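Spelled out, the chains give:
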Amino acid sequence: MIEKTGVPSAKQIASCFPDKITLKKPKAIIECYKEIPCNPCDTSCPFDAITVPEDINVRPSIDFDKCTGCGICVYHCPGLAISVMQLKDGMVSMKIPYEFTPLPNQGETVNVMNRAGDIITPGTITKVQHTDKMNKTALLHVEIPEAYLYDAITVEVKHGSE
Amino acid sequence: MKTTECLIVGAGPAGMRAAKRLLDVGAEVTLIDRSDMLGGQLTKQTHMFFGSEKQHASKRGIDIMQLMIDEITNHPKLTVINNATVVAMYKDRVVGYVIGEQYHRIQAKAIVLAAGASEKAIPFENNDLPGVYAAGAVQTLMNVYGVKPGHKVLMVGSGNIGLIVTYQLLQADVEVVKLIEAADSIGGYLVHASKIKRLGVDIETNMSVKRAIGKDEVEAAEIWRLDEAWQGIEGTEEIIDCDVICMAVGLAPLTELLQQMGAKIMYVRELGGNVPIIDKDHRTSIERVYACGDMAGIEEASSAMMTGEITGLSAALDLGHAVENYDQEVARLRQELANLRDGPHGEKIRQGLKKLGVLS
Ligand SMILES: Cc1cc2nc3c(=O)[nH]c(=O)nc-3n(C[C@H](O)[C@H](O)[C@H](O)COP(=O)(O)OP(=O)(O)OC[C@H]3O[C@@H](n4cnc5c(N)ncnc54)[C@H](O)[C@@H]3O)c2cc1C
Ligand code: SF4
Ligand code: SF4
């Protein structure tokens, strides 16, 4: 139970995804399961795809038709609760927020973790986005097999040198 | 004795915002803080903040702090006294503070108290062993001084502070063995909890520390399951290998100075303990003495900024300054505060403020 462990149920996770046809294009998956006073996802989206109403405690909702999968909301969300997923030739291409140093390198193979913190599959870093305007949250592009679409959420942290 | 028009004690978000409002209307302000820098708790907050754009959401705490510092520094009517701890306050608004060994006094026409809060501790055997830390101290070590508190941490408390400090420990490459919580569910935002769980930190509810184990410093912790009455259950003990026990079990407003001054105080559990009795405009029971920020009830930096502004405005008014659009400004701030305090996480604050008789 998420209230006790921090891990959402399969049903909760599924409720954040559009259907697989929609996912042929990259879409933001917002996992913000409980009302908190917060709205940078809404205000950061240049395409007006995310809505948090006047009462900023209401959970964000997304219009997948408007979402281009650009990933801007991903590094603006203070809860690190958003990722972008896309299905491509049997693989998932995901964009995830990452706030650890050292950053992985493009082309590197990393361990991909599920929401319980277990390693589930190796994945390939296809791009690392990290510019000044991203406010110290990097965007990692990771490729994994489609079977892990609903499980993958982050990558294992590399330990820095002392 | 030195004199000032308005003395502000504490240069966190509440104090700095009160200063800004007072300076804006032409008041003369002295800002005093025991630390060597401005910013209060924000000096150690490297994470992105929640809230809405107006409250700088998505910016990092330290960057918000810099914005507030830039707003007031070099103002000709502002005097800043750092490294100065206020130790005494009297009804005639004379305030005593120490710098090093030196005792000083200053008299003010108005005093805004924004001294924040102190961290609570929980009782368990050996809780005075080196290696038992409060979360704020751990955060200061890491984020202000760049020092790791240890190698393996047991975190106690699942409020936002426990969850955030856990994440920051992981960022500093320190292992967090487990996070335990005495209540039956996670206290802080679930997004913060998910953030650490997916990195492998287990969260266990209904658990507390029985004792710290070690001769000269923490070598392990014994934890146990709690029953519904929060009593430890014999036979459920578990030994956790760790060299740090980090307590994030809540904050209590620093009201001693106000008590010393004879201000009316009330115990409100939801606000963190003893809090000054204030009116909607943050006036205490003593004339021209105000309280805001965490000191008036434990909340957040965003709300501290707003209560600081409201306080600055009412002090300005009481000091006889013309405050343009006072009613509209205060109404807008109250509305923003109400928005923040709405929702399930604001429930406690709302109840506390009701008990105090203010729902500003
Ligand atoms: C780990 C952590 C994470 C947090 N995350 C968030 C977040 O994401 N969003 C959010 O909105 N809030 C967050 N907060 C809460 C926020 O930091 C506080 O609510 C806020 O800083 C309170 O502001 P304040 O001005 O009332 O007090 P403080 O920031 O505590 O400032 C009080 C100041 O008073 C000074 N002082 C105290 N006593 C004396 C004395 N006797 N003499 C002189 N000076 C004195 C202190 O040195 C300090 O500078 C977090 C807090 C912590 C600990
Ligand atoms: S991915 Fe881009 S378009 Fe989609 S919701 Fe986020 S910011 Fe908006
Ligand atoms: S920015 Fe993130 S944490 Fe805040 S409401 Fe949006 S999804 Fe939730």
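How each quantity is defined
Residues numbered from 1 in each chain as written. Chains lettered and ligands numbered in written order. Predicted model: local features only at pLDDT ≥ 70, side-chain atom pairs only at ≥ 80, totals over all residues. Heavy atoms only, no water. Helix = DSSP H or I, 4+ residues; strand = E, 2+ residues; numbered from the N terminus. Expected span 1.5 Å × (residues − 1). Buried < 20%, exposed > 50% of the residue type's maximum accessible area, 1.4 Å probe, protein only. Contact = heavy atoms within 4.5 Å. Domains from an automatic or database assignment. Buried area = accessible area lost by both parts, 1.4 Å probe. Near = heavy atom within 4 Å. Nonpolar A, V, L, I, M, F, W, Y, C, P; charged D, E, K, R; others polar. Core = buried A, V, L, I, M, F, W, Y, C linked by side-chain atoms within 4.5 Å. Pairing = 2+ DSSP bridges. Axes fitted to C-alpha atoms, helices over the stretch in contact; angles between N-to-C directions.

Q: Report on helix 4 (residues 160-171) of chain B, specifying residues and quantitative values.
A: Residues and elements named next belong to chain B. Compared with an ideal rise of 1.5 Å per residue, which puts twelve residues at 16 Å, helix 4 spans 16 Å between its outermost C-alpha atoms and is within 8% of the ideal. Of all twelve residues making up helix 4, ten are buried, and the element is well covered by its neighbours. Along helix 4, the residues that are buried comprise N160, G162, L163, I164, V165, T166, Y167, Q168, L169 and L170. Those residues of helix 4 that are buried are in contact with helix 3 (135-144), strand 9 (152-156), strand 10 (175-180) and helix 5 (190-197).

Q: For the domain arrangement of chain B, give the residues involved together with the corresponding values.
A: As a measure of interface size, the accessible area lost when the parts come together is often cited. All names here are of chain B. If you check the domain split of chain B, you get domain 1 (2-118 + 251-356) and domain 2 (121-247). Averaged C-alpha coordinates put domain 1 and domain 2 at centres separated by 30 Å. Between domain 1 and domain 2, the residue contacts involve ten residues of the former and 14 residues of the latter. At the boundary of domain 1 with domain 2, total buried surface from both sides reaches about 1,000 Å², with 60% on carbon and sulfur atoms. For the domain 1 face of the interface with domain 2, the top three residues by lost area are K44, F50 and H345, together amounting to 53%.

Q: Talk me through the site of ligand 2; I want residue IDs and the actual numbers.
A: Inspection of the region around ligand 2 gives 13 residues, with C45, C67, C70, G71 and C73 of chain A positioned closest. Across the shell around ligand 2, the residue classes break down as ten nonpolar, three polar and no charged.

Q: An account of the site of ligand 3 is requested, with residue identities and associated values reported.
A: Taken together, the neighbourhood of ligand 3 is formed by I30, C32, I36, C38, P40, C41, P60, C77, P78 and G79 of chain A together with F50 of chain B. This site is not confined to one chain, since residues near ligand 3 come from chains A and B. Class assignment of the residues belonging to the shell around ligand 3 gives a composition of ten nonpolar, one polar and no charged.

Q: How would you summarise the nonpolar core if you had to cite specific residues and measurements?
A: Core analysis: the largest hydrophobic core is formed by 65 residues, its most contacted members being I82 of chain A together with I8, M16, L22, L31 and V112 of chain B. For this core, the element with the most residues is helix 7 (residues 301-318) of chain B, which contributes eight residues. For M16 of chain B, the contacting residues outside a window of four places in its chain are A11, L31, L38, G39, M65, M68, I69 and I72 of chain B. Formed by 49 residues, the second largest nonpolar core is a distinct cluster that contains F100 and V155 of chain A together with A135 and V138 of chain B.

Q: Requested: an account of the sheet that holds strand 14 (residues 238-241) of chain B, with residues and values cited.
A: Residue and element names in this part refer to chain B. The strand order 12-13-14 describes an open sheet built from three strands, whose pairing is antiparallel. The open sheet has two edge strands with one neighbour each: strand 12 (207-213) and strand 14. The mean inter-strand angle of the sheet, taken between neighbouring strand axes irrespective of direction, is 35°. Across four bridges, the pairing between strand 13 (residues 220-225) and strand 14 is antiparallel. Along strand 14, the bridge assignment pairs E222 with I239.

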